[in-house]
Amino acid sequence: MCERCGTESPEGFRFCGGCGAPLGPAADPRRTRKVVTALFCDVTGSTSLGEELDPEVLRDVLNEYFTAIRTTIERHGGTVEKFIGDAVMAVFGIPQVREDDALRAVRAAAEIRERLPAVAAKVGVTLRFRTGVNTGPVLTGEGENLAVGDAVNVAARLEQAAEPGEILIGPETLQLVRDAVQVEPLDPLALKGKSEPVLAYRLVSLDPVAPGFARHLDAAFVGRERELQLLTDTWSRTVSDEGCHLFTVLGTAGVGKSRLVAELLDRAADQAIVLRGRCLHYGEGITFWPLVEALMPLAERAHPLLEHLSGAGSGTPLELFWEARRLLETMAAEAPVILYIDDLQWAEPMLLDLIDHIIDLSRGAPILLLCTARPELLEDRPGWGGGKLNSTAVLLEPLGPREAQTLLHQLANGLDAEARAQVIAASDGNPLFLEEMVALAQERGTVVVPPTIQALLSARLERLAAVERELLERGAVEGEVFHRLAVRALTDEGSSAGIERQLEGLVRKELIRPHPATVGVDEAFRFRHLLIRDAAYDGLPKATRAALHERFARWLETAAAALPELDEIAGWHLEQAVRYRRELGREVQPSLAIRAATHLHAAGRRARARGDGPAALSLLERGLAVAPDTDTIYARIAVDLAEELVEESKLARVDQLLAVAEQNPEIESDALQVRFKWLVMSRPREATATIEARLPEMLERLTVAGDERGLANAHMTAYTVHWLASQATAAGEEARLAAEHARRAGDEGLRTRALAAVGGTLGLGPAPPSIMAAHIELVERENPGPLLAAFQFIGHAWLAKFEGRFDEALAHAERGIEMMAGLQWLQAETMYQFVADLHMGAGNLHAALAAIRRADAPLEAEGERANRSTTQALLAEISEAIGDRETAVAATKLSEQLSADEDVINFAMTHRVRARLARAQGDLEEAERWARSAVTFALKTDFPHERSTTRVELARVLAARGRPDEAADEARGALAIAQAKGDKPLAGRAQAVLDEIGPVVAS
């Protein structure tokens, strides 16, 4: 712990992650998280053997056993960690991870099973072995052999579950060795210490030279036309000029080197002698293995050279070189020769010298030396492929987005659009990565990074110098794009010298690339592949991650104070620092948690202001999760989160959040306003009385305090009261006041909601279309944000509706809702209430029914009442018009059950539906009673549509009862209301009824 600021720093950290103060020399080794393969091997029957043999003999037996098994494991690149009685634990991946660690471990296990019985027989006993092999993440220290993690425990349990002579391997290991083995799946094993059964596989056989996961050379050939043309031209010149040419295809693992070569070899197969060999990563006598493998199909003809290459013959290296060259030239005299050597980065220096010899001295023979290699080859041979006239080297870059999409289309049967997008983003143009991710996604139903890719990337990073690896780890803490100054700030002083030179080296090694800076005047870099960033980050212990995230946030707060996304970025890094400390069971400093919560809270408020509801919810939820529940910041976030949940009609947790916030006197007023909104949505029957009783005193207090945002919220609460009572004019005035106070407070999100509310009052209230048009024009002149722009389309839909242009109105409404959904505004679906109304006006009853059900579904799911009471009233009206009496009755009852007494418009609608149902059954007395009740409720509103429509219905009932004069009076009243509003279709419906009644009145 730092003596200056008290920040806890991880083991081995030389400088404080909080204030940067020196912590003194690091006593502990550098901790690393890595994926390794653990092997446990146990002698079965050794206990009874101890009874049979003299202790001295038993010791000799076990010494022979231990020596043989250690030799085998170490020959395959493993490290014996410890002997436990007659069991051995070995780890492959310590001290250095290799991409084929799992295959090495399985090969070692197979060799132990095959060879050690002979060792036992040598000392006159019978021994059988059982083995467990498992792959997974562990924690280890630099210079240590000790690996700690569940992967090691599972390997031990697999060994214990194996029968004598069996080798059991875990599923992650199988993924990494799948193309070199045959296995039998076992029933899931119940292993000690594991809560769930574990998958395991019995090893049946092993191909000793096959790779663990083979390349897919039968995949579609995509996006390498220029490189193929260059390779084809080189081959053509080799044939026509009868000369020797070296062509090297360079590229990172999986980028498509072998696939490019396969395309040429397929084309040249009929005219050339094709020899194929592959450099091995490890083994004995592998220097000339690629040439041996290439010549094996011609063993009789190449017998002398094969003997020489295997060491059976005699002679100097130069004589061997001469003999190899002469053999190729002899074959080339009969037909052009292609000698293809794969994975040249693993080649021993003498093999590279042999290739140099051939290219330098071969003349008059058409020989193409075709090689593939990773860029690491150039670290040992910087001039390879570029220093000779008859040499060509080409670097394969990842596929572009369009090419990757083409390849994905060939492979991704059954993957949905979201999964395809995830694969494209994660694979980043690497064909092997794309193929592996698609295969695993199709198997598991979700997109994850396969262990094959993790192994490749981890091994690549392990080959870096320690200082280079540390730079990548520090950059990975910032993200896929990182800044030079940030890396310097995260690097201990003793390691920060020469950062620029090291970064340049990492660019040359194709691990990072320059990228435009986003913070200040600085250099920035981007990981060549997002998965490289992930591999570098995953190597950091959680304690180190926590300290580095906190340290980066502190740097960001200083270096990028004006960055618009500062709160969101710094909040995320501090959130990680809190999370990792909690996962490790360590105390979290309250100051750290408060900083994280404060940033996330500010970012959440900013998201609300721009109308991004989902982002606001996520940020506020995360802020609440890290905030200390004893600090005011917790209550502040709870209020804002509750308000956002109300806005999004997600009501289940609101009461609980507000109960917490209302206990804090500093924000009791804010919490009360949100409770008002929640009451309207969830308990409309008690909402109005509660609000009316407490709102005046609140407004006065907020005015005295000059709290502009509080006033905006209070006026929106008043708007809600009037809107619930269907008083559009009064509600609109309150919304205008709320918009002005929100403007003064700088809360654009609140202002957006207020101005949208004004538009709604103008549509449903008595104001003529000209007033709405003026409002739309005023808002558009102010360059509205995206959400308000979406609401403007709804305004244009109202104007078109008033003119009777329903197709145009529907187009505007659908466009507005589409924009809202694109902004992830969660209430977009409820706007289909308006779409249903438009379809009703156009006479599209079944389309109206579909729209109103779409609006109702999310409200029902969230238990919302205020809006749902209206959707049910509309559903009742549409169902009655279609002739579905049963649904109309049920929806009428549900609407009235959900509605507050003050929500008079719903009763106007449902009583009108009841009148129509009664009239349809011939009960005209009942119909008149309901129709007059509907008019009574409608007159309590200032909504012209309801006032006119209910009087039209009463006119129809009165006409049916033989009272035409009264009917005509109601129809003329309905017409006058519609004409005053400027609603032409509404006026047309009133006039039609009047025209039907007119002749009767005249007679």
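In this text the structure is predicted, and so the values were computed from the model without any measurement. (Residues numbered from 1 in each chain as written. Predicted model: local features only at pLDDT ≥ 70, side-chain atom pairs only at ≥ 80, totals over all residues. Heavy atoms only, no water.)

K.L.:
Describe the overall build of the protein, and please don't skip the residues or the numbers.
P.N.:
Broken down by element type, the protein carries 43 helices and 15 strands. Whereas a compact globule of 1003 residues would reach a radius of gyration of roughly 30 Å, the protein reaches 39 Å, over 25% beyond that. Projected onto the principal axes, the alpha-carbon positions of the protein cover approximately 130 × 70 × 65 Å. Counting across all 1003 residues of the protein, residues that qualify as buried make up 56%. Within the protein, contacts between residues at least 6 apart in sequence are counted, and of these 68% link residues at least 24 apart. For the protein, the accessible surface area stands at approximately 42,400 Å², while carbon and sulfur atoms represent 51% of it. Within the protein, one finds 110 positive and 149 negative side-chain charges whose respective centroids are separated by 2 Å. (Helix = DSSP H or I, 4+ residues; strand = E, 2+ residues; numbered from the N terminus. Rg over C-alpha atoms; globule rule 2.2 N^0.38 Å. Buried < 20%, exposed > 50% of the residue type's maximum accessible area, 1.4 Å probe, protein only. Contact = heavy atoms within 4.5 Å. Areas by Shrake-Rupley, 256 points an atom, 1.4 Å probe, with all protein chains shown as cover. Lys, Arg positive; Asp, Glu negative; His and termini not counted. Charge placed at Lys NZ, Arg CZ, Asp CG, Glu CD.)

K.L.:
Give me the lowdown on the packing of helix 24 (residues 613-626) against helix 25 (residues 632-647), citing residues and values where you can.
P.N.:
For the pair helix 24 and helix 25, the least separation of the axes is 9 Å and the interaxial angle reads 150 degrees. Overall, the two elements helix 24 and helix 25 adopt an arrangement that is roughly antiparallel. In the crossing of helix 24 with helix 25, the sense of the turn from one axis to the other is left-handed. Contacts between helix 24 and helix 25 pair Gly613, Ala616, Leu617, Leu620, Glu621, Gly623 and Leu624 from the former with Tyr634, Ile637, Ala638, Asp640, Leu641, Glu644 and Leu645 from the latter. Looking at the contact of helix 24 with helix 25 residue by residue, the classes come out as nine nonpolar, two polar and three charged. (Axes fitted to C-alpha atoms, helices over the stretch in contact; angles between N-to-C directions. Parallel < 35°, antiparallel > 145°, perpendicular 65-115°, else oblique. Left-handed = near helix turned anticlockwise from the far one by under 90°. Nonpolar A, V, L, I, M, F, W, Y, C, P; charged D, E, K, R; others polar.)

K.L.:
Can you tell me about the packing of aromatic side chains, naming the residues and giving the values?
P.N.:
Here the structure, examined in full by the defined rule, presents eight aromatic pairs. Consider the rings of Tyr719 and Trp723, whose centres lie 5.9 Å apart with planes at 20 degrees: the pair is stacked. A residue pair is termed a helical-turn pair when its members lie 3 or 4 positions apart in one helix, as Tyr719 and Trp723 do in helix 29 (residues 708-724) at four residues. On the numbers, 5.5 Å between centres and 50 degrees between planes, the contact of Trp723 with Phe943 is tilted. With Trp723 in helix 29 and Phe943 in the loop between helix 40 (924-939) and helix 41 (944-960), this pair connects stretches of sequence that are 220 residues apart. Classification of Trp723 as partly exposed rests on a relative accessible area of 27%. Ring pairing ties together the aromatic residues Phe482, Phe525 and Phe527, which thus form one cluster. Over the ring of Tyr282 we find Arg104; its NZ or CZ atom is 3.7 Å from the centre of that ring. Over the aromatic face of Trp930 sits the side chain of Arg914, whose NZ or CZ is 5.0 Å from the ring centroid. (Phe/Tyr/Trp six-rings, centres within 6.5 Å; stacked < 30°, edge-to-face > 60°. Lys NZ or Arg CZ within 6 Å of the ring centre and 35° of its normal.)

K.L.:
Tell me about empty space enclosed by the protein, and please be specific about residues and values.
P.N.:
Counted under the stated rule, the structure contains eight cavities of 30 Å³ or more. In this structure, the largest cavity occupies an estimated 230 Å³ of space. In terms of lining residues, the largest cavity is bounded by 19 residues, among which Thr252, Ala253, Asn430, Arg460 and Ile532 are the most central. (1 Å grid on protein atoms, 1.4 Å probe; cavity = no way out; pocket = protein on both sides within 12 Å on 5 of 7 lines; lining within 4 Å. Points joined across faces, edges and corners; volume = space filled by probe spheres on them.)

K.L.:
Which residues make up the pattern of salt bridges, and what values do they have?
P.N.:
The final tally for this structure, using the stated rule, is 78 salt bridges. The partner of Asp42 in a salt bridge is Arg130, and the shortest N-O contact between them spans 3.4 Å. Of this pair, Asp42 sits in strand 1 (residues 31-44) while Arg130 sits in strand 4 (residues 128-141); the two residues are 88 residues apart in sequence, bridging distant segments of the chain. Two residues, Arg805 and Glu808, come together in a salt bridge whose shortest N-O distance is 2.7 Å. (Salt bridge = Lys/Arg side-chain N within 4 Å of Asp/Glu carboxyl O.)

K.L.:
Account for the environment of Leu894, naming residues and giving values.
P.N.:
Considering the arrangement of structural elements, one finds Leu894 in helix 38 (residues 885-898). Expressed as a C-alpha distance, the spacing of Leu894 and Gln872, which sit 22 residues apart in the sequence, is 6.8 Å. Once residues within four sequence positions are removed from consideration, Leu894 is found in contact with Arg868 and Gln872.

K.L.:
Outline the state of the cysteines, supporting the account with residue identities and numerical values.
P.N.:
Two cysteines, two sulfur atoms, one covalent bond between them: this is a disulfide. Tallying each qualifying case throughout the model produces zero disulfides. Counting only cysteine sulfurs, Cys279 is the nearest neighbor of Cys371, a cysteine outside any disulfide, at a range of 8.1 Å. (Disulfide = S-S within 2.5 Å.)

K.L.:
I'd love a proper account of the nonpolar core, names of residues and values included.
P.N.:
If you look at the biggest cluster of nonpolar residues, it comprises 94 residues, and the most contacted ones within it are Leu39, Tyr65, Ile73 and Leu472. Sort the elements by how many residues they give to this core and helix 3 (residues 101-122) lands first, with 10 residues. Counting 61 residues, the second-largest nonpolar core is a separate cluster that includes Tyr719, Leu762, Ala800 and Ala855. (Core = buried A, V, L, I, M, F, W, Y, C linked by side-chain atoms within 4.5 Å.)

K.L.:
Break down the sheet that holds strand 5 (residues 167-169) for me, with residues and values.
P.N.:
The strand order 2-3-1-4-5-7-6 describes an open sheet built from seven strands, whose pairing is mixed. Every interior strand has two partners, whereas the edge strands, strand 2 (79-84) and strand 6 (181-185), have only one. Taken pair by pair, the neighbouring strands of this sheet meet at an average axis angle of 30 degrees, ignoring direction. Strands strand 1, strand 3 (87-92), strand 4 and strand 5 of the sheet are contacted by helix 4 (residues 150-161), whose axis makes an angle of about 175 degrees with strand 4. (Pairing = 2+ DSSP bridges.)

K.L.:
Provide a residue-level description of the packing of helix 21 (residues 542-559) against helix 23 (residues 590-609), including the pertinent values.
P.N.:
Contact geometry for helix 21 and helix 23: axes closest at 12 Å, N-to-C directions at 55 degrees. Overall, the two elements helix 21 and helix 23 adopt an arrangement that is oblique. Where helix 21 crosses over helix 23, the two elements pack in a sense that is left-handed. Contact residues: Glu550, Ala553, Arg554 and Glu557 in helix 21; Leu592, Arg595 and His599 in helix 23. Residues of the contact of helix 21 with helix 23, tallied by class, amount to two nonpolar, one polar and four charged.

K.L.:
Outline the sheet that holds strand 11 (residues 367-373), listing residues and values.
P.N.:
In spatial order, the strands read 9-10-11-8-12; together these five strands make up an open sheet with parallel pairing. On the outer flanks of this sheet lie strand 9 (273-278) and strand 12 (391-395), each paired with one strand and no other. Each adjacent strand pair in this sheet contributes to an overall mean axis angle of 15 degrees, direction not counted. Relative to strand 8 (residues 244-250), helix 6 (residues 225-241) is tilted by about 165 degrees, and along the sheet it contacts strand 8, strand 10 (337-342), strand 11 and strand 12.

K.L.:
Which residues make up unusual backbone geometry, and what values do they have?
P.N.:
The omega angle of the peptide bond from Ile94 to Pro95 is 10 degrees, so this bond is cis rather than trans. Tracing the backbone through its elements, the reader meets Pro95 in the loop between strand 3 and helix 3. At Ser726, a residue that is not glycine, the phi angle is positive and equals roughly 60 degrees. Positionally, Ser726 belongs in the loop between helix 29 and helix 30 (728-745). Since its relative accessible area comes to 1%, Ser726 is described here as buried.

K.L.:
Could you give an account of the pairing of strand 8, with specific residues and numbers?
P.N.:
Judged by how many residues are buried, strand 8 sits mostly within the fold: seven of seven residues are covered. Burial of the side chains of strand 8 extends over both faces: Cys244, Leu246, Thr248 and Leu250 are buried on one face and His245, Phe247 and Val249 on the other. Note: strand 8 against strand 11, seven bridges, orientation parallel. Across the sheet, residue Leu250 finds its bridge partner in strand 11, namely Ala373. With five bridges joining them, strand 8 and strand 12 adopt parallel strand pairing. Of the residues in strand 12, the one forming a bridge with Val249 is Val394.

K.L.:
Which residues make up the pairing of strand 3, and what are the values?
P.N.:
Among the six residues that make up strand 3, six are buried, leaving the element largely enclosed by the rest of the structure. Residues Ala87, Met89 and Val91 point to one face of strand 3 and Val88, Ala90 and Phe92 to the other, with burial holding for every one of them. In this sheet, strand 3 lies alongside strand 1 in antiparallel orientation, the contact comprising six bridges. Looking at strand 3, one finds that Phe40 is bridged to Met89. Bridge count between strand 2 and strand 3: five bridges; the pairing is antiparallel. What sits directly across from Lys82, in strand 3, is Met89.

K.L.:
Got a sec to walk through helix 37 (residues 866-882)? Specific residues and values, please.
P.N.:
Here helix 37 spans 25 Å end to end across 17 residues, near enough to the 24 Å set by a 1.5 Å rise per residue. Burial of helix 37 is extensive: 14 of the 17 residues sit out of reach of the surface. In the segment just after helix 37, Gly883 is the residue with positive phi, at about 105 degrees. (Expected span 1.5 Å × (residues − 1).)

K.L.:
Lay out the side chain of Glu329 with the relevant residues and their values.
P.N.:
Within the secondary structure, Glu329 is located in helix 10 (residues 317-332). Of the polar contacts made by the side chain of Glu329, one reaches the side chain of Arg326; its length is 3.0 Å. The contacts of Glu329, once residues within four sequence positions are left out, are Leu361, Ser362, Arg363, Ala365 and Ile367. (Polar contact = N/O pair within 3.5 Å; in protein donor to acceptor, adjacent residues only side chain to side chain.)

In short, the description is geometric, and any link to function would need to be established separately.
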